[in-house]
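Next come the chains, spelled out residue by residue.
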Amino acid sequence: MKFNKWTLALAAGGVVSLGSIAQADEKPMSQVLTAVSSTTLSGYVDTSAIWKFGTGNENMPGRAFDGGPNNLGGNKLDGFNLNVVELQLEKPLSEDQWASGYRVQLLLGPDANFYNLSPASLGSSDLSVKDAYVALRVPAGNGIDFKVGSFATVIGYESFESYLNPNYSRSFGWQLEPTQHTGALASYKVTDAVSLSAGVANTWNAGINARANRPTGPGGANVAKESEKTYMASVSVTAPESWGFLKDSAWYFGVIDGLAGNSKDTTSVYAGGSLHTPVEGLSVGGAFDYRFNGPNGVTVGNNWAWAIAGYASFQANEKWKFNVRGDYTEGSDGTFYDRIGLNQNRLGALTLTADYALWANVISRAELRWDHSMSGDKPYGGTVNPATGAVTGLQHNAVTLALNLIYKF
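Keep in mind it's a predicted model, so treat the numbers as computed, not measured. For every chain, the first residue of its written sequence is number 1, and the numbers climb from 1 along that sequence. Residue-level local features of this predicted model are given only where pLDDT is at least 70; pairs of side-chain atoms are given and counted only at 80 or more, and the full residue set underlies all totals for whole chains, interfaces and linings. Each side-chain value is derived from all of the structure's non-hydrogen atoms; neither hydrogens nor water enter the calculation.

> Explain the packing of aromatic side chains to me, using residue names and the numbers behind them.
In this analysis, rings of Phe, Tyr and Trp, with Trp reduced to its six-membered ring, are considered paired at centre separations within 6.5 Å, and the interplanar angle assigns stacked below 30 degrees, edge-to-face beyond 60, and tilted for intermediate values. Within the structure shown, the criterion is met by twelve aromatic pairs. Between Tyr-44 and Tyr-163, the aromatic rings sit 5.1 Å apart at their centres with planes inclined by 70°, giving edge-to-face as the arrangement. Here Tyr-44, found in strand 1 (residues 40–52), pairs with Tyr-163, found in the loop between strand 5 (144–152) and helix 3 (172–176); they are 119 residues apart in sequence, far enough to count as distant. Where Trp-320 meets Phe-322, the ring centres are 5.5 Å apart and the plane angle is 0°; that geometry is what we call stacked. Assessed through its relative accessible area of 34%, Trp-320 is described here as partly exposed. Runs of E in the DSSP output that reach at least two residues are strands. Runs of H or I that reach at least four are helices, and both are numbered from the N terminus. The buried label applies to any residue whose accessible area, calculated with a 1.4 Å probe on protein chains only, is under 20% of its type's maximum; exposed applies above 50%, and partly exposed to all values in between.

See the structure below:
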């Protein structure tokens, strides 16, 4: 250890001890190392190339993070894309009765602009925060785990992280669900098979530190002195080992109710699960979403939407995995697109995904997806006339091919 001239002079005069100084300097460093020793760094880099068959990419209703210029996530069609980079720092809860920890997830890249922005954000910084919470355990019963801060929603079959999903593209149901909340969530494991969670948050929809105030004043002015809160609850059942081939199959049910960005009381109900089968490598799943009074810029008054999806996955060998999803949705006009006065949106889709493990830590997959309007209209594709803004060349169907490479670290 190096000492400056002033410290050496004091030591020579017997005023201070070099040993005590060394111990004093080492102690804070030891405390820092102890605090971060159990913190892990992980994340991923998500890239893609997507091609839409035919001409015209203006509209792709029902597509999230892989559609045209009018879709959530921006224009991804007919080109190469950096989707998102995620960095995660986490200290998970230990087995201690009074355990504590945290998680911080940072999103960088285009997809970050459409996820969980704070009210002050302009939505174009390519930076957002996903999960960011303090984790705590209270030794009541089997132990109650708390998350306080920003955390993922308690409902849904699919995740924002596409590598956690059986398919690269998201289902219709994913867009009907909230994604993130700022609040507090408590989870309790009743038995090895049954877990419960309940929480309270600022809003139904995402937005760190956002507030939900119901317009109550003259002309819709927002005069509420106290913001209203969002409440959520879920239950999950996981098949134990004694259930044979069904082991680790899981079923979920959840409900969320609160004010959304449209200042309407919005209710989401979800039921879904996955089921292992006697056929080695084959599993199936299903999901149902219902949303009442969600964000909608077209329908005046009450609006609604629901979606159903079925999944099948087959692990052929150590390298190959195949996934198929069929989903269908209905909703008030404006749920996914404006039918210009017609009653509702009705969309269907079939998605086939092949995953081949070639490189270590890399997810490499190809996906073919067919979207179809069940209403007889033409909502897909189209080309915009820059002079008039009119859209021409719309189609009944859309077929896309996507290649997805994700490196996990």
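> Please provide a residue-by-residue account of the environment of Glu-177, values included.
Its location among the elements puts Glu-177 in the loop between helix 3 and strand 6 (180–189). Taking relative accessible area as the criterion, Glu-177 reaches 8% and is therefore assigned buried. Spatially, the C-alpha atoms of Glu-177 and Tyr-290 are 8.6 Å apart, while their sequence positions differ by 113 residues. When near neighbours in sequence (up to four residues on either side) are disregarded, Glu-177 contacts Ile-155, Gly-156, Tyr-157, Trp-204, Tyr-270 and Asp-289. The contact rule is simple, with two residues in contact once any of their heavy atoms fall within 4.5 Å.

> So what's going on with the pattern of salt bridges? Residues and values would help.
The salt bridge criterion pairs a side-chain nitrogen of Lys or Arg with a carboxyl oxygen of Asp or Glu, the two atoms within 4 Å. This model, assessed by the stated rule, comprises 14 salt bridges. Across the salt bridge formed by Glu-158 and Arg-325, the nearest N and O atoms sit 3.0 Å from each other. Of this pair, Glu-158 sits in the loop between strand 5 and helix 3 while Arg-325 sits in strand 13 (residues 320–332), and the two are 167 residues apart along the sequence. Across this residue pair, the class does not change: Glu-158 and Arg-325 are buried. For Asp-377, the salt bridge is made with Arg-339, and the minimal N-O distance between the two is 3.1 Å. You can see Asp-377 sitting in the loop between strand 15 (362–373) and strand 16 (380–384) and its partner Arg-339 sitting in the loop between strand 13 and strand 14 (344–356), a full 38 residues away along the chain.

> An account of the side chain of Ser-150 is requested, with residue identities and associated values reported.
Mapped onto the fold, Ser-150 is located in strand 5. The exposure class assigned to Ser-150 is buried, which follows from its relative accessible area of 4%. Engagement of the side chain of Ser-150 in a polar contact is seen with the backbone oxygen of Lys-130, the distance being 3.0 Å. If near-sequence neighbours (up to four positions away) are discounted, Ser-150 is found in contact with Asn-116, Lys-130, Asp-131, Ala-132, Tyr-133, Gln-180, His-181, Thr-182 and Ile-208. Each polar contact in these results corresponds to two N or O atoms within 3.5 Å; when the atoms are within protein, one needs to be able to donate a hydrogen and the other to accept it, and residues that are neighboring in sequence are counted only if both atoms are side-chain atoms.

> Summarise unusual backbone geometry; cite the residues concerned and give the values.
Phi is positive for Phe-65, which is not a glycine, with a value near 70°. On the secondary structure map, Phe-65 appears in the loop between strand 1 and strand 2 (79–91). Residue Phe-65 is classed as buried on the basis of its relative accessible area, which comes to 1%. Despite not being glycine, Asn-209 shows a phi value in the positive range, around 65°. You can see Asn-209 is positioned in the loop between strand 7 (194–201) and strand 8 (230–238).

> So what's going on with the nonpolar core? Residues and values would help.
We define a nonpolar core as any set of buried Ala, Val, Leu, Ile, Met, Phe, Trp, Tyr and Cys residues linked to one another through side-chain atoms lying within 4.5 Å. Ranked by internal contacts, the top residues of the largest apolar core, which has 15 residues, are Ile-50, Met-60, Phe-172, Leu-176, Phe-336, Leu-347 and Tyr-380. Looking at this core, the elements with two or more residues in it are helix 3, strand 12 (304–315), strand 14 and strand 18 (397–408). Not counting the four nearest positions on each side in its chain, Phe-172 is found in contact with Pro-61, Gly-62, Ala-307, Asp-327, Tyr-328, Thr-329, Phe-336, Leu-347, Gly-348, Ala-349, Arg-369 and Asp-371. Among the nonpolar cores identified, the runner-up in size contains 14 residues, and Tyr-133, Ala-135, Leu-185 and Tyr-270 belong to it.

> Can you lay out a nonpolar patch on the surface for me, pointing to particular residues and giving the numbers?
Residues enter patches when they are more than 30% accessible in relative terms and free of salt bridges; like-charged ones are connected within 9 Å and nonpolar ones (Val, Leu, Ile, Met, Phe, Trp, Tyr) within 5 Å. Residue burial considers only the protein chains on display, and all accessible areas are found by Shrake-Rupley using a 1.4 Å probe. Together, Leu-41, Val-45, Leu-82, Leu-87, Leu-89, Val-104, Leu-106, Leu-108, Leu-127, Tyr-407 and Phe-409 make up a nonpolar patch on the protein surface, roughly 870 Å² of accessible area in all. Where the nonpolar patch is concerned, the elements lending two or more residues are strand 1, strand 2 and strand 3 (100–108). With respect to the helices, strands and loops of the structure, Leu-127 is situated in strand 4 (residues 127–138). Taking relative accessible area as the criterion, Leu-127 reaches 45% and is therefore assigned partly exposed.

> Account for the pairing of strand 10 (residues 265–276), with residues named and values stated.
Sheet topology note: the strand 9 (residues 250–259)/strand 10 ladder contains ten bridges and is antiparallel. When the sheet's bridge partners are listed, Gly-254 is paired in strand 10 with Tyr-270. In this description, strands pair whenever DSSP reports at least two bridges between them.

> Outline the environment of Asn-165, listing residues and values.
Within the secondary structure, Asn-165 sits in the loop between strand 5 and helix 3. For Asn-165 and Asn-323, which are 158 residues apart along the polypeptide, the C-alpha to C-alpha distance reads 9.8 Å. Ignoring anything within four residues of it in the chain, the contact list for Asn-165 reads Glu-158, Ser-159, Arg-170 and Arg-365.

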